[in-house]
Amino acid sequence: MKWITRERPKIDRIACPWLIKNFVDTEAEFIYVPKEEVFTKANELEAIPYDIPGAEYTHEGEYCTFDYIVKKHQIIDPAIHHIATIVRGADTDSFQLAPQAAGLWAISAGLSYNYNNDHEMLSIGMKMYDALYSWSKYVQEEKHIWQPKL
Amino acid sequence: MKWITREHPKIDRIACPWLIKNFVDNEAEFIYVPADKVKDQAKALEAIPFDIPDVEYSHHQDKCTFDYIIEKHELKDPALQTLAVIVRGADTDRHDIASQASGLWAISAGLAYNTKDDYELLQKGMMIYDALYSWAKHLQKEKHTQNPVDHLFIDVFNKFIKQKALQKKTPDWVKELKQIIQDQVDTNLSLTDISKSLDINPSYLSREFSKHFNNLSFGEYIRKLRIEKAIELINTNTYSLTEIAYLTGFSDHSHFTRIFKQHTGKSPSAYKKDRAKGKADTKS
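Residues numbered from 1 in each chain as written. Chains lettered and ligands numbered in written order. Predicted model: local features only at pLDDT ≥ 70, side-chain atom pairs only at ≥ 80, totals over all residues.

**Description of the overall build of chain A**
- A tally of helices and strands in chain A yields six helices and three strands.
- Helices (α) and strands (β) of chain A occur, in sequence order from the N terminus, as β-α-β-α-β-α-α-α-α.
- When burial is assessed residue by residue, chain A has 47% of its 150 residues classed as buried. (Helix = DSSP H or I, 4+ residues; strand = E, 2+ residues; numbered from the N terminus. Buried ≥ 20, exposed ≤ 12 C-beta atoms within 10 Å, placed from the backbone.)

Here you go:
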């Protein structure tokens, strides 16, 4: 399927494509357009609009679109639930939700500042969420202490 | 110059190359070798060893190698000071010293897990530090006010207020919706059908509906219209009440009677009688 949202993504519009591609629709293709054009283009291209008010896939109360996808597609992987909290914290300016939220926000805001091309931003962002996922799933307990073995 | 350190970098051995390349030595080349080979290889390749014990470019007390480079090369950019605390927090497991340290650690640990090639990891890491630097330099005070719902709602609300003040105009979709409902009041119109024709999600439409329709829900509004139409039809004296119930989209007569009474305080037949009587009275 095609998935369409507003241009200039930072958190949710990068995290959601990552989630969709890996857990919902492996054939997914992502389109970014100016916000006024999302619904028109969605019709034209038969794409699913997301992260925009008026769409099914959007924020719900204090929950962001990432949360909605997790709920709707019944994703039960605990690492995803963990990432959902971090993404929500970073996306809704509620850094107290997860210790990692402030760092994710700083890096994402900086990436968006450095990359004006939304698809370039998406491709780097995908790697970042791959990393967060691996961290949450495999190395969360690991501490980093400076003990170079010689 | 060549710069050499231990393989499998995570934080400092990625952050330092980024710092060196951008602020110390833009010709720098970086080499990762097993920990026990660093010193020998440094000699053989005439490379500067860093982030291993007993060399100049290393940890000093609680400061990490990144800090040492800033101090040694007298780098004054305030954004680098911000970055240094984050790197130190992530590198020395002291996430309390900077709120961004935990996130940097999680992303760096995950990148290292996913990327076995040190040079590929360095390349990805460079983008992360470029991003952190841009954030520290230009966006540090910026809040993520990108909450799309809040923002768009504020937009819509402002437009709404303006429209109201200027021309008392209702949004196009509300007009369109009024038209649709008016045209099809006798059919079994559902919110889902309407949301399809308007291309708005049904639950969103339902939430927004009452804002523009005097606080009535979709169901309430439809019933109100049907009763208004029923009254109009009764006034024409052309149809029986059963026909009117049918023409106004009620599934059966008793349902029609019940809703009619709720809205007008009278049953349809009582209304019809009173009306006829009223007419007679006026005539006389």
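Picking up where we left off.
**Quick notes on the interface of chain B and chain A**
- Across the contact, 52 residues belong to chain B and 51 residues belong to chain A.
- Counting residues per element, the ones that place at least two in the side of chain B that touches chain A are α4 (78–91), α5 (101–114), α6 (118–139) and α7 (148–166) of chain B.
- Classifying every residue of the side of chain B that touches chain A gives 26 nonpolar, 16 polar and ten charged. (Contact = placed C-beta atoms within 7 Å. Nonpolar A, V, L, I, M, F, W, Y, C, P; charged D, E, K, R; others polar.)

**Observations regarding the environment of Lys 35 of chain A**
Residue and element names in this part refer to chain A.
- Topologically, Lys 35 is positioned in the loop between β2 (29–33) and α2 (38–45).
- Taking the number of C-beta atoms within 10 Å as the measure of exposure, Lys 35 has 17 and is therefore partly exposed.
- Separated by 28 residues in sequence, Lys 35 and Glu 7 place their C-alpha atoms 6.8 Å apart.

**Examining the sheet that holds β2 of chain A**
All names here are of chain A.
- Taken together, the three strands give an open sheet; going across it, the order is β2-β1-β3, and neighbouring strands pair in parallel fashion. The strands lining the two open edges of the sheet, one partner per strand, are β2 and β3 (47–49). The mean angle between the axes of side-by-side strands here comes to 30°, regardless of whether they run parallel or antiparallel.
- Sheet topology places strand β1 (residues 2–6) next to β2; five bridges connect them, and they run parallel. Across the sheet, Arg 6 pairs through a bridge with Val 33, a residue of β2.
- The strands that α2 touches are β1, β2 and β3; relative to β1, the one it contacts most, it runs at about 165°. (Pairing = 2+ DSSP bridges. Axes fitted to C-alpha atoms, helices over the stretch in contact; angles between N-to-C directions.)

**Thoughts on unusual backbone geometry**
- Even without being a glycine, Gln 74 of chain A presents a positive backbone phi close to 45°.
- For Asn 237 of chain B, which is not a glycine, the phi torsion comes out positive at approximately 60°.
- The topology assignment puts Asn 237 of chain B in the loop between α11 (218–236) and α12 (241–247).

**Brief notes about the sheet that holds strand β3 (residues 47–49) of chain B**
Residue and element names in this part refer to chain B.
- Strand order across the open sheet formed by three strands is β2-β1-β3, with parallel pairing between neighbours. Both outer strands of the open sheet, β2 (29–33) and β3, are each paired with one neighbouring strand and no more. Taken pair by pair, the neighbouring strands of this sheet meet at an average axis angle of 30°, ignoring direction.
- Bridging between strand β1 (residues 2–6) and β3 involves three bridges; their strand directions are parallel.

**Things to note about helix α3 (residues 65–72) of chain A**
Residue and element names in this part refer to chain A.
- Most of α3 sits inside the fold, with six of its eight residues counted as buried.
- All of the buried residues in α3 are Thr 65, Phe 66, Asp 67, Tyr 68, Ile 69 and Val 70.
- The inward-facing, buried residues of α3 contact α1 (12–24) and α4 (78–91).

**Quick look at the nonpolar core**
- Ranked by size, the top nonpolar core spans 85 residues in total, and within it Ile 107 and Leu 132 of chain A together with Leu 132 of chain B carry the most contacts.
- If we ignore the near neighbours within four places in the chain, the residues touching Ile 107 of chain A are Met 128 of chain A together with Gly 103, Ile 107, Ile 128, Ala 131, Leu 132 and Trp 135 of chain B. (Core = buried A, V, L, I, M, F, W, Y, C linked by C-beta atoms within 7 Å.)

**A closer look at the confidence of the model for chain B**
Residue and element names in this part refer to chain B.
- When pLDDT is averaged across chain B, the result is 84; 85% of the residues are at 70 or more.
- Note on residues 146–153: pLDDT is under 50 here. Beyond four places in sequence and across chains, it has 13 contacts.
- Model confidence for the complex: the whole-complex pTM is 0.67, and ipTM, which rates the interface, is 0.92. (pLDDT = per-residue confidence, 0-100.)

**Re the environment of Asn 114 of chain B**
- When you line up the elements, Asn 114 of chain B lands in helix α5.
- Once residues within four sequence positions are removed from consideration, Asn 114 of chain B is found in contact with Asp 130, Ala 131 and Ser 134 of chain A.

**Focus on the packing of helix α5 (residues 101–114) of chain A against α5 of chain B**
- It is at 5 Å that the axes of α5 of chain A and α5 of chain B come closest, and there the two elements cross at 75°. As judged from the angle between their axes, α5 of chain A and α5 of chain B are roughly perpendicular. Of the residues in α5 of chain B, those in contact with Ala 101, Ala 102, Gly 103, Leu 104 and Ile 107 of chain A of α5 of chain A are Ala 101, Ser 102, Gly 103, Leu 104 and Ile 107 of chain B.
- Its residues assigned to classes, the contact of α5 of chain A with α5 of chain B shows seven nonpolar, three polar and no charged. (Parallel < 35°, antiparallel > 145°, perpendicular 65-115°, else oblique.)

**Remarks on the pairing of β1 of chain B**
All names here are of chain B.
- Most of β1 is tucked away: four of the five residues are buried.
- Sheet topology places β1 next to β2; five bridges connect them, and they run parallel. Residue Ile 4 lies in a different strand from β2, and its bridge partner there is Ile 31.
- Between β1 and its parallel partner β2, the chain crosses via helix α1 (residues 12–24), and the hand of that crossover is right-handed. (Right-handed = clockwise from strand over helix to strand, strands pointing away.)

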